[in-house]
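Secondary and tertiary structure notes
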Amino acid sequence: MTEPVVLIAEELSPATVDALGPDFDIRHCNGTDRAELLAVLADVDALLVRSATKVDAEVLAVAARLKVVARAGVGLDNVDVRAATQSGVMVVNAPTSNIVSAAELTVGLMLAAARHLVPANVALKQGEWKRSRYNGTELYEKTVGVVGLGRIGVLVAQRLSAFGMRVIAYDPYVQAGRAAQMGVRLVSLEDLMAESDFVTVHLPKTPETAGLIGDEQLHKVKPHLVLVNAARGGIVDERALFDALVDGRVAAAGLDVYAVEPCTDSPLFGLDNVVATPHLGASTDEAQEKAGIAVARSVRLALSGELVPDAVNVQGGVIAEDVRPGIPLTEKLGRIFSALAGGIAQQLDVEVRGEITQHDVKVLELAALKGVFHDVVEGQVSYVNAPLLAVERGLEVRLLTEAESEDHRNLVTLRGTRADGSAVSVSGTLIGINHRERIVEIDGYDIDVEPTDYLAVITYVDRPGMVGVVGQVLGQAQINIAGMQVSRDSAGGRALVVLAVDSAVSPQVAEQVRRAMDASTVRLVDLSG
């Protein structure tokens, strides 16, 4: 079997390759060389990048086998997540890999700006000993305003509290009680700008946060304010900040990020009261190693068909261990459902019953959709693009949960409507400590069948000799029956038989079975691929 190809397009920590392990064909290229990158993508299954390689629609179109793009870091400015989603390509990053490094750099920039460390260093190396020129200010007992109380913002707040600072914060998505537990007082952005002696920014770059701190906000601040931005460029309006620094409305600034990067020419760089670094937030050995190891693990999961909980374009969320065994079963139920429906149904309910409903089971809806589309659409179907396929094809989907399950500890049922308005359903469960998969219902008929590679589902009028008839036809076709389950609504009424066979049943043989039994339907299910 051919090993999956993993392409590393930028320099990553050696620990990244170690974490990938020996099961992959690992290749390297210079992702910043566009021609070189496009030339080597055709058979790539996973692409690992940092921030310099641009992964856009052109790259995704060339990489027909691509299943996952892994960004060894936090930001995804260089990855077209929407185009990846449409292509069914999972996008993962390492959201916690650099949080300590970024928090520490923030404190470093704040101290450097408050104590004029950079111009003092330059002056001394030029032979000037002018201590009085670089009189700074302490952090102790000052008020620091943290704009954005996410993972990095919290770490910064903790570290600055240790300096004896009063911490206030602006974050509309954080509850006041949670902030109070950390010793942080939540305020409005306007109050934060007016009260703070220091301000540090820790927000993602979005249309809502672009230019959040601009000319209006910088007219409300104390003249001794020190402003730090080590989050994303463009959240602080650089022109407005320059004017405020020149006018003396802001005392100093520490900047690690810029609206356009790389940035080597800015009016801000000419000011002695600006400490500027070239986006070093994640540039520590520890952060790079953590990022590489994290995305390597995600790649392993993605290429083994697993759902990666922190993939940025997958809706499944964190997967509880009790839910995880039901994912492959539910995907098989989706494939059986589409085979029974004869294509894509018009409507689908994913019903989950039993103890697992105490957990988030959204992932089972994704698994069902992935199975539903697996055999009926061209191209790759994944946890990423399955919801988009449902929208594009007008398939209405609902996830329904019920804590009570009468006959099984846990039960997953896919129920829907065929194009002709008739109902279709299939249910499955897991039994025993080994979580053995069983199909326990099809179209209202109770059965007990293992979902083997090849199944045939036949509906017909119950009468003597039908089991022998189907056995004879399949025997003549050299198809061995491994298992059989017959269910009926009444003697002489409607009946359903499920056959587990050792090899695929061709459409021609299925038609022979239908004629010989005068069957209503013969549906073939191939779970082998």
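Above this text sits the structure in question.
Here is a short report on the structure shown in this document. (Residues numbered from 1 in each chain as written. Predicted model: local features only at pLDDT ≥ 70, side-chain atom pairs only at ≥ 80, totals over all residues. Heavy atoms only, no water.)

**Quick word on the side chain of Thr277**
Put simply, the rule reads: Per the convention used, a helix needs a DSSP run of H or I reaching at least four residues, while a strand needs a run of E reaching at least two, with both numbered from the N terminus. Note on definitions: a residue-residue contact is assigned when non-hydrogen atoms from the two residues lie within 4.5 Å.
Mapping Thr277 onto the fold places it in the loop between β12 (274-276) and α12 (285-303). With sequence-adjacent residues up to four places away left out, Thr277 is seen in contact with Leu109, Leu255, Asp256 and Tyr258.

**Observations regarding the nonpolar core**
Applicable threshold: As used in this record, nonpolar core signifies buried Ala, Val, Leu, Ile, Met, Phe, Trp, Tyr and Cys residues forming a set joined through side-chain atoms within 4.5 Å. Only protein chains enter the accessibility calculation, which uses a 1.4 Å probe; a residue whose area is less than 20% of its type maximum is buried, one above 50% is exposed, and one in between is partly exposed.
In this structure, Met90, Val299, Leu364, Phe373, Leu414, Val426 and Ile442 are the most contacted members of the largest nonpolar core, which totals 72 residues. Setting aside chain neighbours within four positions, we find Met90 in contact with Lys67, Val68, Val69, Ala302, Glu306, Leu307, Val308, Ala311, Asn313, Val314 and Val384.

**Remarks on the sheet that holds strand β17 (residues 436-442)**
Our working definition: Being paired, for any two strands, means DSSP has found at least two bridges between them. The axes used here are C-alpha line fits, helices contributing only the stretch in contact, and every angle between their N-to-C directions lies in the interval 0 to 180 degrees.
A sheet is described by the order of its strands in space; here six strands give the open sequence β14-β13-β15-β16-β17-β18, paired in mixed fashion. Where the open sheet ends on each side, the last strands, each with one partner, are β14 (396-402) and β18 (445-449). Neighbour-to-neighbour, the strand axes of the sheet open up by a mean angle of 20°, direction not taken into account. Looking at chain direction, strand β13 (residues 347-354) and β14 are connected through seven bridges and run parallel. Bridge pairing in β14 links Arg353 to Glu402. Packing against the sheet, helix α13 (residues 326-341) makes contact with β13, β15 (410-417), β16 (423-431) and β17, and its axis sits at approximately 155° to β16. Strand contacts of helix α14 (residues 362-374): β13, β14 and β15, with the helix running at about 140° to β13, the strand carrying the most contacts.

**What about the layout of surface pockets?**
Here is the rule we go by: Any residue with an atom within 4 Å of a point lines the site, the site being either a cavity, points on a 1 Å grid over the protein atoms alone where a 1.4 Å probe fits but cannot get out, or a pocket, an open set with protein on both sides within 12 Å along at least 5 of 7 lines. Grid points are joined across faces, edges and corners, and a volume is the space filled by probe spheres set on the points. Each residue gets one label: Ala, Val, Leu, Ile, Met, Phe, Trp, Tyr, Cys and Pro are nonpolar, Asp, Glu, Lys and Arg are charged, and the others, such as Gly, are polar.
Of the voids in this model, the largest pocket is the one considered here, and its volume is about 1,600 Å³. Along its surface, the largest pocket is lined by 49 residues, and Val74, Gly75, Asp77, Ala231 and Arg232 are the ones closest to its centre. Elements with a minimum of two residues in the lining of the largest pocket: α5 (99-115) and α7 (151-161). Among the elements that make up the lining of the largest pocket, the one with the highest residue count is α7 (three residues). Grouping the constituent residues of the lining of the largest pocket by class yields 23 nonpolar, 16 polar and 10 charged. There is about 400 Å³ of room inside the second largest pocket. Lining of the second largest pocket is provided by 19 residues; of these, Asp322, Ile356, Arg409, Asn410 and His435 occupy positions nearest its centre. Among the secondary structure elements, those contributing two or more residues to the lining of the second largest pocket are α13, β15 and β16. In the lining of the second largest pocket, the residues fall into seven nonpolar, eight polar and four charged.

**Quick notes on the environment of Ser338**
Here Ser338 lies in helix α13. Residue Ser338 is classed as buried on the basis of its relative accessible area, which comes to 5%. Put simply, Ser338 and Val372 are 34 residues apart on the chain and 5.4 Å apart in space, counted from C-alpha to C-alpha. Excluding its chain neighbours within four sequence positions, the residues that come into contact with Ser338 are Gly343, Val372 and Val376.

**Notes on unusual backbone geometry**
Residue Glu261 is joined to Pro262 through a cis peptide bond whose omega torsion reads 0°. As for its placement among the helices and strands, Pro262 is situated in the loop between β11 (252-255) and β12. Even without being glycine, His116 reaches a positive phi, approximately 55°. Here His116 lies in the loop between α5 and α6 (117-125). Among the residues examined, His116 registers a relative accessible area of 22% and is labelled partly exposed. Of note, Asp443 is a non-glycine position whose phi angle comes to about 50°, a positive value. Position of Asp443 among the secondary structure elements: in the loop between β17 and β18.

**Topic: a negative patch on the surface**
Rule in force here: Residues enter patches when their relative accessible area tops 30% and they take part in no salt bridge; the joining distance is 9 Å for like charges and 5 Å for the nonpolar side chains Val, Leu, Ile, Met, Phe, Trp and Tyr. Methods summary: accessible areas were calculated by the Shrake-Rupley approach with a probe of 1.4 Å, and residue burial reflects only the protein chains presented. Salt bridges are counted wherever a side-chain nitrogen of Lys or Arg sits within 4 Å of a carboxyl oxygen of Asp or Glu. The convention is simple: Lys and Arg are positive, Asp and Glu are negative, and His and the chain ends are not counted. The atoms used to mark charge sites are NZ of Lys, CZ of Arg, CG of Asp and CD of Glu.
A cluster of like negative charges, contributed by Asp18, Glu104, Asp285, Glu286 and Glu289, occupies part of the molecular surface. If one sorts the elements of the negative patch by residue count, α12 sits on top with three residues. Structurally, Glu289 can be placed in helix α12.

**Regarding the sheet that holds strand β9 (residues 198-201)**
Here we have seven strands laid out as an open sheet, ordered β8-β7-β6-β9-β10-β11-β12, and parallel in their pairing. Of all the strands in the sheet, just β8 (185-186) and β12 have a single pairing partner and so form its edges. Relative to β8, strand β7 (residues 166-170) runs parallel, the two sharing two bridges. Note on β8: the bridge partner recorded for Ala169 is Leu186. The sheet strands contacting helix α11 (residues 238-247) are β10 (226-229), β11 and β12, and the helix crosses β11 at an angle near 145°.

**Re the pattern of salt bridges**
Close approach of charged atoms allows side chains of opposite charge to pair. Applying the stated rule across the entire model yields 28 salt bridges. Arg300 serves as the salt-bridge partner of Asp23, at 3.2 Å between the closest nitrogen and oxygen. Of the two residues, Asp23 is situated in the loop between α1 (14-20) and β2 (25-28) and Arg300 in helix α12; the sequence distance between them amounts to 277 residues. Asp23 sits in the partly exposed class, given a relative accessible area of 40%. Here the salt bridges do not stand alone but share partners, grouping Asp25, Arg27 and Asp43 into one network.

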